[in-house]
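Structural overview for review
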Amino acid sequence: MVVMKMKFPFEKRVKLAQGLWLLSWCATVAGAFTFSLGCILKTELRRRAEVMDNSDVHVVPNTLMIVGLASLGINYFASKVCQDALDAGRFPRWKKMLKPYFAVSCFFTVLMLLAVIMSYAMKGSLESSLKVGLRNGIRFYKDTDTPGRCFQKQNIDRLQMEFQCCGNTDFKDWFEFQWISNRYLDFSSKEVKDRIKSNVDGRYLVDGVPFSCCNPSSPRPCIQSQLTNDSAHYNYEYQTEELNIYLRGCREALVNYYMGLMNTIGAGVLSVFLLQASVLVSLRFLQTAMEAVEGNENTEIETEGYLLEKSVKETVMEYINPVMKFLMLKNQVEEGTPGNPEIPTDVNVKPGLF
Amino acid sequence: MALLKIKFTQQRRVHLAQGLWLLSWMAVMWGGVIFCLGVYLKTELLRRAEVMDNTEIHVVPNILMMVGLASIGTNWVASRVCQDSLDPTRFPRWKVPLLAWFAVATVLCCLLIAVVALSYALQGSLEESLKVGLRNGIRFYKDTDVPGRCFQKETIDRLQMEFRCCGNNNFKDWFEVQWVSNRYLDFTSKDVKDRIRSNVDNRYLLDGVPFSCCNPTSPRPCLRYHLTDNNAHFNYDYQSEELNLYSRGCRQALTDYYMELMNSTGPGVLSVILIQLSVLLSLRYLQTAVETAMVLEDPEGDSEGYLLEKGVKETIEDLKINALTMLKFGQVDPNAAEGSSEVADAEKDEKDAPPSPAS
């Protein structure tokens, strides 16, 4: 039972070949575009790598880059097949290559779709990675003299200024860590001694934030220290003050930024996916239409083109069987049964597996 | 005695026309590039318009945009002339327009050279404009409740953060103005009353700076207040502290930025000048070669192309005489009824006699 049969007179075949040639060159450009989108996303993720704990989310741009490169090759091959399609003398040499070609290109096209799905699915992983990374950044903010951590202060400051955010979840995260180094604390002063004695770990905690949390749109010069103390500042109320420092947390700001980026890229990749799929479908029709012409003296007869010769299930079996056979054969060799493994193992194993 | 004569065979004329056609389209493209450069420079200047006092410096991007557009049109005309140049029936209609074209192209080249000179000459004007603009910005920093000035604080803060600078000349400019609004000062407190009484104008001056002056590369959390008092902070020395705040003044930072921008457009402008000059010279050669060929008996034979028919001095004198004649024609002539012959005689007399500036 053939899937999607279509009649192809000679003119239609010619038009199909010409249209497909143009389409495959468009798809080649689209493949390069996908690769560049992957590069952009990778660069943006690498820029903020210091506030990310793991690189799980990097699988999205990596996939996009692989798919983009593969798509370049696939579509270039398709255009070459088109050029030879209408020449009955030159078309047969492509015959052998087309079956594995379709398998490979279907795989990469599906991978493209998977990349788009993953870009939405990885939001949770990105958030938890940022949560840990930002917490470490805030914790090591004061360690500007420790090798390996000396740039944390600068990174966090620039991050907060650029993304207009403060702290991990919000600005109160700064109240829970000591962000002023001991080198700049006068341990003979009463205030410092009181604060250190006030908590178990002997840390100097303040209800203040670094300058990078300050909001330039505030009508008032920035209040960074003694934020919870209303009487420390004239005409100031902690609960109602909104514009003084950034209220948004950096985790939320970064997640929104990256999700926005991945949504935009996802939309582009989806359209490239549709283009690629149409190239493959058209090429399949062209191939089957041309195969029917083969052997005939008159190359201008009307032929039929189809997508799949058998039904979907049978075709899938046809592709998977060689792979399974290969794997089964391997098993048979390990179990130590030489000779003819075909008939007995096929009969025994196949029904069990499928 | 013609200037810079070159022999042109038919083949050479054809090559010249083809090469010039390509060159003029390249010049059209470069004209577009110059226009875009002008637009970009204008946008960058407009972005910081709030800290500039006057707009004298805008003459540079304005000229660039004008010249870019004019260059596109001029070189497009040149390409059309090229297309018609090898067709003896269509070339003669370009005779008069070409004179105008040469004048326009020369003016364009002069304007481009002027732009390069101006971009260096106006540096002082830019600095002055920034000096006044920044001083006003710092003075009105606190006036976030005054309409028309309410964005000064945000503008100055974002400027200092983006350009990594503090104050006009340096951070001490903030010590001389009151940048904390009276709405946030507790006038019952002793500290405030002391500070206000300490100066003639009753301003609340302090040795502190806004948060936007803080340098993120400092290893220490930013110190903004009591900057001159070493005892106010542990392990702090005012004289030797370098990384705490931005040490550069915003005027310096902005001037450097704009000068760098204008310098980077320099090579582009110079290459456009060269291309335009080569189009000009090639078109002149093509025009003279084709015209000489048309008057010959054999239109496809050799002809001579030249830059100027006579020498430089003689051409200038000819131009002067022509200009004066045109002026005389423009004047109201009391003897106009006596016909043009008298005017022609006067012209002849003028030509014979040495040219006098009085007419």
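Everything quoted here is computed from the prediction, not taken from an experiment. (Residues numbered from 1 in each chain as written. Chains lettered and ligands numbered in written order. Predicted model: local features only at pLDDT ≥ 70, side-chain atom pairs only at ≥ 80, totals over all residues. Heavy atoms only, no water.)

Each helix and strand in chain A was counted, giving 9 helices and 2 strands. Element order for chain A, N to C, with α for helix and β for strand: β-α-α-α-α-α-α-α-β-α-α. For a compact globule of 354 residues, the expected C-alpha radius of gyration is about 20 Å, and chain A comes in at 32 Å, more than 25% above that figure. By the burial criterion, 44% of the 354 residues in chain A qualify as buried. Nonlocal contacts in chain A, meaning residues at least 24 apart in sequence, comprise 72% of its contacts between residues at least 6 apart. Within the structure as shown, chain A displays about 18,700 Å² of accessible surface, and the carbon and sulfur contribution to it stands at 60%. Taking the 39 positively charged and 38 negatively charged side chains of chain A as two groups, their mean positions are separated by 2 Å. (Helix = DSSP H or I, 4+ residues; strand = E, 2+ residues; numbered from the N terminus. Rg over C-alpha atoms; globule rule 2.2 N^0.38 Å. Buried < 20%, exposed > 50% of the residue type's maximum accessible area, 1.4 Å probe, protein only. Contact = heavy atoms within 4.5 Å. Areas by Shrake-Rupley, 256 points an atom, 1.4 Å probe, with all protein chains shown as cover. Lys, Arg positive; Asp, Glu negative; His and termini not counted. Charge placed at Lys NZ, Arg CZ, Asp CG, Glu CD.)

Turning to the overall build of chain B, a few remarks are in order. For chain B, the count of helices and strands is 9 helices and 2 strands. Overall, chain B shows an N-to-C arrangement of helices and strands of β-α-α-α-α-α-α-α-β-α-α. In terms of C-alpha radius of gyration, chain B reaches 33 Å, well past the compact-globule figure of 21 Å for 359 residues. Evaluated residue by residue, chain B yields a buried proportion of 42% over its 359 residues. Put simply, of all contacts in chain B between residues at least 6 apart along the chain, 71% involve residues at least 24 apart. Counting only carbon and sulfur atoms, one obtains 60% of the accessible surface of chain B, whose full area is about 19,500 Å². Averaged over its 37 positive side-chain charges, chain B has a centre that lies 7 Å from the centre of its 44 negative ones.

What follows concerns unusual backbone geometry. With a phi close to 50°, Gln226 of chain A is a non-glycine residue in the positive phi region. Of note in this structure, Arg164 of chain B is not a glycine but carries a positive phi near 55°.

Another aspect to go through is the nonpolar core. Counting 143 residues, the largest nonpolar core has Tyr101, Trp174, Val209, Leu283 and Leu286 of chain A together with Trp174 and Val209 of chain B as its most contacted members. Of the residues forming this core, the biggest block, 18 residues, is contributed by helix α7 (residues 250-293) of chain A. Among residues more than four places away in sequence, those in contact with Leu283 of chain A are Leu20, Ala78, Val81, Leu98, Tyr101 and Phe102 of chain A. One finds Ala27, Ala105, Val279 and Tyr285 of chain B within the second-largest nonpolar core, a separate group that totals 23 residues. (Core = buried A, V, L, I, M, F, W, Y, C linked by side-chain atoms within 4.5 Å.)

Bringing the interface of chain A and chain B into the picture now. Frequently, the measure chosen for interface size is the accessible area removed from exposure when the parts meet. Tallying the contact residues gives 26 residues for chain A and 27 residues for chain B. In total, chain A and chain B occlude about 2,500 Å² of area from one another, counting both sides; carbon and sulfur atoms represent 61% of this. Scanning the region where chain A abuts chain B turns up 0 salt bridges. At the boundary of chain A with chain B, the tally comes to 8 residue pairs in polar contact (both at pLDDT 80 or more). Considering only residue class, the side of chain A that touches chain B consists of 12 nonpolar, 8 polar and 6 charged. (Buried area = accessible area lost by both parts, 1.4 Å probe. Salt bridge = Lys/Arg side-chain N within 4 Å of Asp/Glu carboxyl O. Polar contact = N/O pair within 3.5 Å; in protein donor to acceptor, adjacent residues only side chain to side chain. Nonpolar A, V, L, I, M, F, W, Y, C, P; charged D, E, K, R; others polar.)

On inspection of all chains with the given rule, the structure shows 23 aromatic pairs over all chains. Where Tyr141 of chain B meets Trp174 of chain B, the ring centres are 5.0 Å apart and the plane angle is 75°; that geometry is what we call edge-to-face. A residue pair is termed long-range when its members are at least 10 positions apart, and Tyr141 of chain B in the loop between α4 (123-139) and α5 (152-163) and Trp174 of chain B in the loop between α5 and α6 (190-197) qualify at 33 residues. Overall, the relative accessible area of 2% leaves Tyr141 of chain B in the buried class. Counting every residue linked through ring pairs, the aromatic cluster contains Phe77, Trp94, Tyr101 and Phe102 of chain A. (Phe/Tyr/Trp six-rings, centres within 6.5 Å; stacked < 30°, edge-to-face > 60°.)

Turning next to the pattern of salt bridges. Following the criterion strictly, the structure yields 32 salt bridges over all chains and no others. Residues Lys7 of chain A and Glu304 of chain A are paired through a salt bridge, measuring 3.3 Å at the closest nitrogen-oxygen approach. Linking Lys7 of chain A in strand β1 (residues 6-8) with Glu304 of chain A in strand β2 (residues 303-305), this pair joins segments that are 297 residues apart in sequence. Where Arg203 of chain B meets Asp201 of chain B, a salt bridge forms, and the shortest distance between an N and an O atom there is 3.4 Å. Here the salt bridges do not stand alone but share partners, grouping Glu44, Arg47, Arg48 and Glu162 of chain A into one network.

Turning our eyes to something else, we now look at the UniProt feature "transmembrane region" (unreviewed entry) in chain A. Residue and element names in this part refer to chain A. UniProt tags residues 59-79, 100-122 and 257-281 as "transmembrane region" (unreviewed entry). End C-alpha to end C-alpha, residues 59-79 measures 30 Å, and it is 100% helix and 0% strand. Helix makes up 96% of residues 100-122 and strand 0%, and the two end C-alpha atoms of the span are 32 Å apart. (UniProt positions renumbered as here; feature names shortened; annotations may be inferred.)

We now examine the packing of helix α1 (residues 10-47) of chain B against helix α7 (residues 250-295) of chain B. Residues and elements named next belong to chain B. At a minimum axis separation of 9 Å, α1 and α7 run at an interaxial angle of 155°. Considered as vectors, α1 and α7 are oriented roughly antiparallel to each other. Seen along the crossing, α1 lies across α7 with a hand that is left-handed. Tallied by class, the residues present in the contact of α1 with α7 amount to 26 nonpolar, 6 polar and 2 charged. (Axes fitted to C-alpha atoms, helices over the stretch in contact; angles between N-to-C directions. Parallel < 35°, antiparallel > 145°, perpendicular 65-115°, else oblique. Left-handed = near helix turned anticlockwise from the far one by under 90°.)

On to the environment of Ile138 of chain B, then. Along the chain, Ile138 of chain B turns up in helix α4. Ile138 of chain B has contacts with Ile156, Gly167, Asn168, Asp173, Trp174 and Val177 of chain B, leaving out every residue within four places of it along the chain.

On the surface, Val110, Leu113, Leu114, Ile117 and Leu270 of chain A cluster together to form a nonpolar patch covering roughly 410 Å² of accessible area. It is helix α3 (residues 95-121) of chain A that provides the largest number of residues to the nonpolar patch, a total of 4 residues. (Patch = residues over 30% accessible without salt bridge, like charges linked within 9 Å, V, L, I, M, F, W, Y side chains within 5 Å.)

On to the confidence of the model for chain A. This prediction gives chain A a mean pLDDT of 87; 92% of its residues lie at or above 70. Per-residue pLDDT stays below 50 along residues 336-354 of chain A; that stretch engages in 14 contacts with residues further than four places along the chain or on separate chains. (pLDDT = per-residue confidence, 0-100.)

Of note, Val33 of chain B is situated in helix α1. The spacing of Val33 of chain B and Leu20 of chain B is 13 residues in sequence and 20 Å in space, taken between C-alpha atoms.

Our focus in this paragraph is the state of the cysteines. Evaluation of the coordinates by the stated rule reveals 6 disulfides over all chains. The disulfide partner of Cys214 of chain A is Cys222 of chain A, and the S-S distance across this bridge is 1.9 Å. Negative torsions about the S-S bond denote left-handed disulfides, and the value of about -80° found for Cys214 of chain A with Cys222 of chain A makes this one left-handed. Here the two residues Cys214 of chain A and Cys222 of chain A agree in accessibility, since each one is buried. What pairs with Cys166 of chain B in a disulfide is Cys213 of chain B, and their sulfur atoms sit 1.9 Å apart. Around the S-S axis, the bridge from Cys166 of chain B to Cys213 of chain B shows a dihedral of about 80° and counts as right-handed. One end of the pair, Cys166 of chain B, is in the loop between α5 and α6; the other, Cys213 of chain B, is in the loop between α6 and α7, with 47 residues separating them in the sequence. The same class applies to Cys166 of chain B and to Cys213 of chain B, which are both buried. Cysteine pairing in chain A follows 1-6, 2-3, 4-5, where each cysteine in a disulfide is numbered by its order in the sequence. (Disulfide = S-S within 2.5 Å.)

Next up on the list: the UniProt feature "transmembrane region" (unreviewed entry) in chain B. Summarizing the sequence annotation, UniProt attributes the feature "transmembrane region" (unreviewed entry) to residues 20-40, 60-78 and 98-122 of chain B in the numbering used throughout. Taken end to end, residues 60-78 of chain B has its terminal C-alpha atoms 26 Å apart, with 100% of it in helix and 0% in strand.

Residues and elements named next belong to chain B. There is a patch of like negative charges on the surface, built from Glu297, Asp298, Glu300 and Asp302. Here Asp298 is to be found in the loop between α7 and β2 (303-305). When its relative accessible area of 46% is taken as the criterion, Asp298 is described as partly exposed.

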